[in-house]
Structures are given as structure tokens and as C-alpha cells.
Amino acid sequence: MIKKPKKYSVFSLVRNALSYHENWQPAWRNPEIKKNYDAIIVGGGGHGLTTAYYLAKNHGIKNIAVVEKGWIGGGNTGRNTTIIRSNYLWDQSAALYEHALKLWEGMSQELNYNVMFSQRGVMNVAHNLHDVRELKRRWNANRLNDIDCEWLNTEQVKKFCPVINTSPNIRYPVLGATLQRRAGTARHDAVAWGYARGADAMGVDIIQNCEVTGINVSNGNVTGIETTKGTINSKKIGVVSAGHTSVIAKMAGIKLPLESRPLQALVSEPVKPIIDTVVMSNTIHAYVSQSDKGELVIGAGTDGYNSYTQRGGFNIVEDTIMAIVELFPIFSRMKMLRHWGGIVDICPDASPIISKTHINGLYFNCGWGTGGFKATPGSGWVFAHTIANDQPHALNAPFSINRFSSGELVDEHGAAAVAH
Amino acid sequence: MLLINCPYCGEREQEEFSCGGEAHIERPKNPPELSDDQWADYLFLRQNIKGLQFERWNHSFGCRQWFNVARNTATDEILAVYNMGEKPPKLESNDPITPCGEPKIGSGNFSTSKK
């Protein structure tokens, strides 16, 4: 049966150091696929793994398969810019993202896995009167929702992040910023690995290199999936496949309000610590932070057309770099080391869909668009609740697919636009 | 970046254009009779195809004309350009072998072969 993994500790580190690190065990099994499961999660990214983890932990459903086309955390979980915050405008989103942020705060302890969550603060910069008004509105909305947020004037911005160019003579001068001090970054791979290890320890089968090719439905009930490794049966299927959600939905004859687009990011050569927070600007479309390795992590925008190619247009990178160099002239001689794209599924209202469907037992968690990483634990928490109880958690009830018919959209373009 | 052959101006860089999304979505002829679900279908639901997709483009920083483009979203190849109002052409495209898999060309990612 399932062998509980050894707890990581300073003692295990010393013990393994003495044996030249040759005896570390795999963090999760490579299981045989069973014929039947109580639930199948399609997609082994952060959101899928947290869903399986919380299904096992909070709802006692442990006979679960997580089916992943590639490898764990090789999709958008390993491609984002790792920013975590909860300063959203509307009550519905604020509640969902704040729930996630609270889970982030205890994650490393809970998983016995260091996800390097660093609450270094996220600063959203204002460059014109409209920005100032919008960000002050969001600051007030956050305070009403019990989410920490501060307003900084130009001098305070300069004090908090000295490398930023606060000269009044640049094209888009810094007029102020909001600051969420509890926000920050985490190591994205570790989040996937930590939850995979945690879920595996409770009996979840993580099946990698297994692509879903069909969804079996009979009389309005879901019965299982077809994969490149054969048929797997289950009465509950949760689809958490980000950019490819529309493709999976089509297998069940469902059309979703999603468009898949490339979103690019890039990192520079590593340098000494220079920026100890996350700086974002919606107006000039730039955001930057520094990783623990010393690389600047820079996020670009989405391309203006649908694509599944996992690479984007160079013009998007050029625009972002122009903005970064204006805001941080000190970075103008930095060399960029790596650059990549991920495919994000964007909803018309820039809010996710965490919902049942008209097919019994088929659930979708999608539409996170450009900003799903920060919600990883919260998303899994509420999606697990939705799957286990066949009804949404209070936090994800507003994010039903039906909102596109009812018109009750959660328009978060302002808070989600740049800050991925 | 794409190179798009505008039917009026010739080949130009994609930066001059804006994509207008999925083509051939017809505005409902009887708006007052539509149900909420039918409105949602018209306004929000999209095919979001991986493979051959027909879409509208506008040469917004050029002649400002609209036209249709047939493009493979798995490889970004542009297969045809045709005028508004025309029916989509019949085309062969390099669609991925498996629904979520990678195409034979134009991808640096791993490939999935058929069973």
C-alpha cells in the first residue's frame, strides 16, 4: 500500500548529506492506472493538484487520479511570474483571492515542503489621474474587505523601492502607488511538487504523460475518460486544463466563453539584490520582481490573437522592455537570459469559471486567464468542495458558468489586467 | 510575430493589424425573441479551436479594412486570406494528431504519437 513519505527536516538533510545525497526517495509514486476512480482530475498543474489534495484532505475522497498530458507543473504552473496578491476590486474576487492568500501563508508548514513564499509586498503604480482614482478606489474597496492595502505618494514609492525612476519628466511619471505588504512571490515548481507529494501521500494517483482524448457521457452523466493510456472510469471528472480547456470541453460537446492566448515572460541574467518587492504598472504594462537566484522576472502581455503555440510575438516583449527601461533606467544594460510563453484561457470578464455543467459529474475550473497562480490553493479548495458536494462553495458560487447567461459578470479587468 | 497579407495593401507586420476574433458569427436576426442562453452563445461563447481557425482581422494602422484569415492556431501558419462575406475556403492544415497534442511542425515542444 501507500508508504508515507519521510518527513523533510534538518535531520533528514544531515542524514542524507552523510550518505552523499544518494538515498533521497522520489517525492511521489509512479502508479499503475486503475480502471475505476472516485474522481478524476484532468490537468496536473497547481490548480489540479490542489484540487486532488483538498478532495483527499477535506472531503475524504482519496481514490483519485490526476491525469497530466506532460509532466507535473510543466505547463502554466512553471511558466508564470509567481506573483501572489489579493487586492482585487469586487467583493466576490477579493474573498476568493484572500482565501487563497491565507492558505499561502501556512502552505510550507502544512505541506512540509518549502515553497519559498516571500511576503515582499506588491506595489501597483499610478501614472496619471485616472490611475490614481482607480487605484484609490481599489485601495478603499480592499480596506472594506479587510484586505491590507496602503496608499503611497511619490516620495514614499521612492523610499520603498529606490531604483524606480520618480522623475516628473518621464512620459508616464509615478504619481503614487498602492502597496499590499502581505502579497509577494513563491517558488512555483515547489508549489506543484509540494501538493503532488502531499496528495500522493494520501493515496492520489498522479499519472503523467497521459493525454485525455475523449470524455464519455451516457444519459447526461459522465462515466469516464479516454486517454492515450486507455479508458479510465469515474462518475466525477474535474477539468483544470488552463489553455486547453476549450479543447477538452469540446469532447463533451460544451462550448465555453474562453479564448486561449500566449502570455510571455522573461528573466534576466542574475545580479545582486536590487529590488526587494514586486512593482506593477497597468498603464505602461510592466511588472518586475527579482528571484532568489537574482534574476529579474519580467512579465509581458498577451498577444492579441488566439494561439496554442506557447510562444508569442516579439513586439509584445519589446513593448514591455520599453516600459521597464523607462521606469527603471538602471536596468537598461541588463541582458535577458530566457524567454517563454504559456497559453492562458481568458474569460470575457477576466474572472475564472469554477462551476458545474449541465452534464452530471463534469466540472470545470478554468478561465483564470493571466492571473491564476496566486489563487492556486484557494482554487483547489473551492473546486474540491464543488466536486465533493456537487454544489459550489460560497466562495465560488458567483463564478458559475451561468453568469454569462444571467449577465451577473464579475468584471475584474482593472485588477487583473497586467498583474499576472 | 505574424506577417499578414492584407488583401488591399499586401504583406505587412502583424503590429499594424488587430484581430477581431472568430469569424462567421452571425448577429441574430430576431434579437427580441432570443433567450438569455442564446444571447450568451452569441456574445460570449467561442469555439477557441486548436487547429484551423477562421478569424476576422482589421488593418487598423493601415487601410482600416476588415477581412478574414484562415490560421492554424497550433502552428500560427496563415493558410488563406479572404474577403468579408465570403464563405470559408476548404483547406488542409497541420492539425495536432491528438486533440491537446503538438503539431508536426512549428512547435518546440514534446510530441504525442498516435497509439
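Residues numbered from 1 in each chain as written. Chains lettered and ligands numbered in written order. Predicted model: local features only at pLDDT ≥ 70, side-chain atom pairs only at ≥ 80, totals over all residues. Heavy atoms only, no water.

Draft legend 1. Up close: the overall build of chain A. Secondary structure summary: chain A contains 12 helices and 19 strands in total. Expected size for 420 residues packed as a compact globule is a radius of gyration near 22 Å; at 21 Å, chain A falls within 12% of this value. With respect to the three principal axes, the spread of C-alpha positions in chain A is 65 × 65 × 40 Å. The proportion of buried residues among the 420 residues of chain A is 59%. A separation threshold of at least 6 residues defines the contact pool for chain A, and within that pool the share at least 24 residues apart is 76%. (Helix = DSSP H or I, 4+ residues; strand = E, 2+ residues; numbered from the N terminus. Rg over C-alpha atoms; globule rule 2.2 N^0.38 Å. Buried < 20%, exposed > 50% of the residue type's maximum accessible area, 1.4 Å probe, protein only. Contact = heavy atoms within 4.5 Å.)

Draft legend 2. Just the packing of aromatic side chains, in detail. The final tally for this structure, using the stated rule, is 17 aromatic pairs over all chains. Here the aromatic rings of phenylalanine 54 of chain B and tyrosine 82 of chain B are separated by 6.3 Å at their centres, their planes lie at 75 degrees, and the arrangement is edge-to-face. Taken together, the residues span a long stretch of sequence, with phenylalanine 54 of chain B in strand β4 (residues 52-58) and tyrosine 82 of chain B in strand β6 (residues 78-82) at a distance of 28 residues. A relative accessible area of 6% places tyrosine 82 of chain B in the buried class. Lysine 136 of chain A extends its terminal NZ or CZ atom over the ring of tryptophan 151 of chain A, reaching a point 5.0 Å from the ring centre. (Phe/Tyr/Trp six-rings, centres within 6.5 Å; stacked < 30°, edge-to-face > 60°. Lys NZ or Arg CZ within 6 Å of the ring centre and 35° of its normal.)

Draft legend 3. The arrangement of the sheet that holds β4 of chain B in detail. Residue and element names in this part refer to chain B. Strands sit in the order β3-β4-β5-β6 across an open sheet of 4 strands; the sheet is antiparallel. What marks the edges here is a single partner per strand, and that holds for β3 (18-22) and β6. On average, each strand axis in the sheet is tilted by 30 degrees relative to the strand beside it, whichever way the strands run. Bridging between strand β5 (residues 66-72) and β6 involves 4 bridges; their strand directions are antiparallel. In the sheet register, arginine 71 faces β6, and the bridge partner there is isoleucine 78. (Pairing = 2+ DSSP bridges. Axes fitted to C-alpha atoms, helices over the stretch in contact; angles between N-to-C directions.)

Draft legend 4. Molecular detail of the nonpolar core. All names here are of chain A. The biggest cluster of nonpolar side chains holds 47 residues, and the ones touching the most others in it are Ile41, Leu49, Leu55, Ile64, Trp104, Tyr195 and Val204. Looking at this core, the elements with two or more residues in it are β1 (39-42), α2 (46-59), β2 (64-67), α3 (91-105), α4 (107-111), α7 (188-201) and α10 (376-389). Among residues more than four places away in sequence, those in contact with isoleucine 64 are Tyr37, Ala39, Ile41, Ala52, Leu55, Ala56, Gly203, Val204 and Asp205. Of all hydrophobic cores here, the second largest spans 34 residues; its members include Cys210, Val212, Ile232 and Met251. (Core = buried A, V, L, I, M, F, W, Y, C linked by side-chain atoms within 4.5 Å.)

Draft legend 5. Region of the structure containing a negative patch on the surface. Together, Glu318 and Asp319 of chain A together with Glu13 and Glu15 of chain B make up a region of like negative charge exposed at the surface. Residue classification places glutamate 15 of chain B among the partly exposed residues on the basis of a relative accessible area of 38%. (Patch = residues over 30% accessible without salt bridge, like charges linked within 9 Å, V, L, I, M, F, W, Y side chains within 5 Å. Areas by Shrake-Rupley, 256 points an atom, 1.4 Å probe, with all protein chains shown as cover. Salt bridge = Lys/Arg side-chain N within 4 Å of Asp/Glu carboxyl O. Lys, Arg positive; Asp, Glu negative; His and termini not counted. Charge placed at Lys NZ, Arg CZ, Asp CG, Glu CD.)

Draft legend 6. A look at unusual backbone geometry. Its identity is not glycine, yet aspartate 390 of chain A carries a phi of approximately 55 degrees, on the positive side. The class of aspartate 390 of chain A is partly exposed, set by a relative accessible area of 32%. The phi angle at histidine 24 of chain B is positive, at roughly 65 degrees, despite the residue not being glycine. Counting through the fold element by element, histidine 24 of chain B comes out in the loop between β3 and α1 (36-43). According to the relative accessible area criterion, histidine 24 of chain B is partly exposed, its value standing at 42%.

Draft legend 7. How the structure looks around the interface of chain B and chain A. With 34 residues of chain B in contact, the opposing surface of chain A contributes 32 residues. Taken together, the links from chain B to chain A amount to 2 salt bridges. Where lysine 69 of chain A meets glutamate 102 of chain B, a salt bridge forms, and the shortest distance between an N and an O atom there is 3.6 Å. Contributing elements (two or more residues each) for the side of chain B that touches chain A: α1 and β4 of chain B. Its residues placed into classes, the side of chain B that touches chain A shows 12 nonpolar, 12 polar and 10 charged. (Nonpolar A, V, L, I, M, F, W, Y, C, P; charged D, E, K, R; others polar.)

Draft legend 8. Representation of the sheet that holds strand β12 (residues 237-239) of chain A within the structure. Residue and element names in this part refer to chain A. Taking strand neighbours across the sheet as the criterion, the 6 strands line up as β8-β2-β1-β12-β19-β18 in an open arrangement whose pairing is mixed. Strand pairing shows two members of the sheet lacking a second neighbour, β8 (205-207) and β18 (353-356), which therefore form its edges. Mean inter-strand twist for the sheet, computed between neighbouring axes without regard to direction, equals 15 degrees. For β1 and β12, the ladder comprises 3 bridges, and the chain directions are parallel. Bridging from a neighbouring strand, valine 42 pairs with valine 239 of β12. Along the sheet face, α10 touches β1, β12, β18 and β19 (362-366) and points at about 165 degrees away from the line of β19.

Draft legend 9. Spotlight on α2 of chain A. All names here are of chain A. In this model α2 runs 19 Å from its N-terminal to its C-terminal C-alpha over 14 residues, within 8% of the 20 Å that 1.5 Å per residue would give. Along α2, the positions that sit buried rather than exposed are Gly46, His47, Gly48, Leu49, Thr50, Thr51, Ala52, Tyr53, Tyr54, Leu55 and Ala56. In the stretch just after α2, glycine 60 is the one whose phi turns positive, near 70 degrees. (Expected span 1.5 Å × (residues − 1).)

Draft legend 10. A look at a nonpolar patch on the surface. A contiguous nonpolar surface patch, about 460 Å² in accessible area, is contributed by Val10, Phe11, Val14 and Leu18 of chain A. With respect to the helices and strands, the residue valine 14 of chain A is situated in helix α1 (residues 10-18).

Draft legend 11. How the structure looks around the state of the cysteines. For the structure shown, the criterion picks out 0 disulfides over all chains. We note that cysteine 161 of chain A lacks a disulfide partner, and the nearest cysteine sulfur, in cysteine 149 of chain A, lies 17 Å from it. With relative accessibility at 2%, the residue cysteine 161 of chain A sits in the buried group. Lacking any disulfide linkage, cysteine 100 of chain B is separated from the closest cysteine sulfur, that of cysteine 210 of chain A, by 11 Å. (Disulfide = S-S within 2.5 Å.)

Draft legend 12. How the structure looks around the pairing of β5 of chain B. All names here are of chain B. The element β5 is largely enclosed, with a buried count of 6 among its 7 residues. Inspection of the sheet shows β4 paired to β5 by 7 bridges, in the antiparallel sense. Counterpart to glutamine 53 in the pairing with β5 is arginine 71. Between β5 and β6, which pair antiparallel and follow one another directly, the connecting turn spans 5 residues, one of which, aspartate 76, has a positive phi of 70 degrees.

Draft legend 13. Quick look at the packing of α2 of chain A against α10 of chain A. All names here are of chain A. For the pair α2 and α10, the least separation of the axes is 7 Å and the interaxial angle reads 55 degrees. As judged from the angle between their axes, α2 and α10 are oblique. Read as a crossing pair, α2 and α10 show a hand that is right-handed. Between α2 and α10, the residues in contact are Gly46, His47, Thr50, Thr51, Tyr54, Leu55, Asn58 and His59 and Thr376, Pro377, Ser379, Gly380, Trp381, Phe383, Ala384, His385, Ile387, Ala388 and Asn389, respectively. Across the contact of α2 with α10, the residue classes tally to 8 nonpolar, 11 polar and no charged. (Parallel < 35°, antiparallel > 145°, perpendicular 65-115°, else oblique. Left-handed = near helix turned anticlockwise from the far one by under 90°.)

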